[in-house]
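Inside the fold
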Amino acid sequence: MHDVVDLRSDTLTVPTQAMREAMARAEVGDDVWEEDPTVRRLEEMAARRTGKETALFVSSGTQGNLVSVLAQTRPGQEAVLDADSHIFNYEGAGAAVFGGVQTLPVKTQRGFLTPEQVREHIRPNNIHIPMTGLVCLENTHNRHGGTCCTPEQIEAVAAAGHAAGVPVHLDRARIFNAAVALERPVADFARPVDSLTFCLSKGLGAPVGSLVCGSRELITRARRVRKMLGGGMRQVGVLAAAGIVALESMVDRLAEDHVNCRRLAEGVSRLPHVRLDLATVQTNIVIFRIEKDGGAAELVTGCLARKVKIHQTGPATIRCVTHKDVDGDDIERALEAFREITAAW
């Protein structure tokens with residue numbers, strides 16, 4: 001049990017002792033010159049895991065998505081994506097600001113575009129409207145509570161895009177959570193798409209960094225875009241070293257986070273004035289709605305007084321995320337706080 005139970009996000013994980021030791025002894029070079037051996041090793045590991053030709057280390061998932069979009073589109077084009085996607089909601093309109101790329105948000109049932117929606121929203125050849133330059137997917141899906149789509153679903157959507165000559169990007173910040181939950185190799189999810197990103201700094205516990213994976217031609221363009229965005233880093237092997245430890249030792253333990261999340265969700269579902277669809281709880285995120293005026297803010301405040309931190313994502317919506325720095329005792333402590341606060345409702 002920890003002094004404070006922090007369920008706001010898995011971005012709050014701190015590096016393990018093994019990561020700190022690896023960072024301290026990392027062999028480094030100038031990565032802009034492509035001479036950092038630790039970065040090269042991490043990129044090779046990422047490419048092997050995803051089945052892609054090569055990979056590029058970037059500072060964050062947001063930078064990875066932006067690099068991927070700009071490397072595959074040109075100004076005046078449009079990217080088709082889910083209306084609840086991270087790219088559309090939480091990345092500062094970077095594609096529009098830096099690339100002149102318009103986004104076309106499509107409302108979906110569980111955060112995943114269908115092949116029919118892709119075919120419907122790819123633009124016809126008409127001088128009055130933008131050309132479709134990219135289709136973007138997200139797995140697991142943040143705003144839909146960590147839900148997963150299967151490799152077969154991704155393949156069907158990618159086929160629809162490719163049939164129209166449109167590349168497909170997969171935002172896979174928590175793809176290892178999806179792979180563990182569905183018991184499938186990460187490469188199965190990656191195979192159908194042209195580019196993908198995944199984060200090291202969420203459930204995998206590294207302090208900084210994400211990877212963009214794809215063909216050599218794509219990553220060559222992505223490296224240029226990264227430099228334009230100010231993302232070229234020098235002796236960054238000190239950060240890549242933690243990412244190597246994350247990929248080597250932190251993937252399988254994600255199953256523990258999923259167990260803790262299910263335990264948390266089942267407890268929350270029994271609270272008064274709470275609406276929660278347990279079918280959406282597939283990995284390490286649980287999102288629930290408080291059906292009492294002011295109840296969400298009251299729950300956040302009451303939990304904070306009990307040293308439990310949760311995140312209010314809307315007027316009546318709460319998100320909790322399990323991770324390596326939350327154990328079973330912490331889950332029980334959070335549930336006890338929830339029960340104490342809601343007992344008076």
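Structure's up top.
Thresholds applied
- Residues numbered from 1 in each chain as written.
- Predicted model: local features only at pLDDT ≥ 70, side-chain atom pairs only at ≥ 80, totals over all residues.
- Heavy atoms only, no water.
- Helix = DSSP H or I, 4+ residues; strand = E, 2+ residues; numbered from the N terminus.
- Rg over C-alpha atoms; globule rule 2.2 N^0.38 Å.
- Buried < 20%, exposed > 50% of the residue type's maximum accessible area, 1.4 Å probe, protein only.
- Pairing = 2+ DSSP bridges.
- Core = buried A, V, L, I, M, F, W, Y, C linked by side-chain atoms within 4.5 Å.
- Contact = heavy atoms within 4.5 Å.
- Phe/Tyr/Trp six-rings, centres within 6.5 Å; stacked < 30°, edge-to-face > 60°.

All right, on to the overall build of the chain then. Within the chain, the regular secondary structure consists of 14 helices and 13 strands. Whereas a compact globule of 345 residues would reach a radius of gyration of roughly 20 Å, the chain reaches 20 Å, a difference of no more than 12%. In terms of overall dimensions, the chain has C-alpha extents of about 60 × 55 × 35 Å along its principal axes. Within the chain, the fraction of its 345 residues that count as buried is 58%.

With 5 of its 5 residues buried, strand β3 (residues 78–82) lies for the most part within the structure. With 5 bridges connecting them, β3 and strand β4 (residues 102–106) associate as parallel partners. Paired with glutamate 78 across the two strands is glutamine 102, which belongs to β4.

A few words now on the nonpolar core. Counting residues in hydrophobic clusters, the biggest one holds 54 residues, and the most contacted among them are Phe57, Val135, Phe176, Phe198, Leu200, Leu204 and Leu211. Every residue in contact with leucine 204, bar those within four places of it in the chain, is listed here: Met19, Phe176, Cys199, Ala246, Leu247, Met250, Val251 and Leu254. One finds Ala265, Val274, Phe288 and Leu299 within the second-largest nonpolar core, a separate group that totals 28 residues.

Throughout the structure, instances matching the rule amount to 2 aromatic pairs. When the ring of phenylalanine 176 is compared with that of phenylalanine 198, the centres are 5.2 Å apart and the planes differ by 85°; the resulting orientation is edge-to-face. Remark: phenylalanine 198 occurs in strand β7 (residues 195–199) and phenylalanine 176 occurs in helix α8 (residues 175–182); sequence separation between them is 22 residues. No difference in accessibility class separates phenylalanine 176 from phenylalanine 198, as the two residues are buried.

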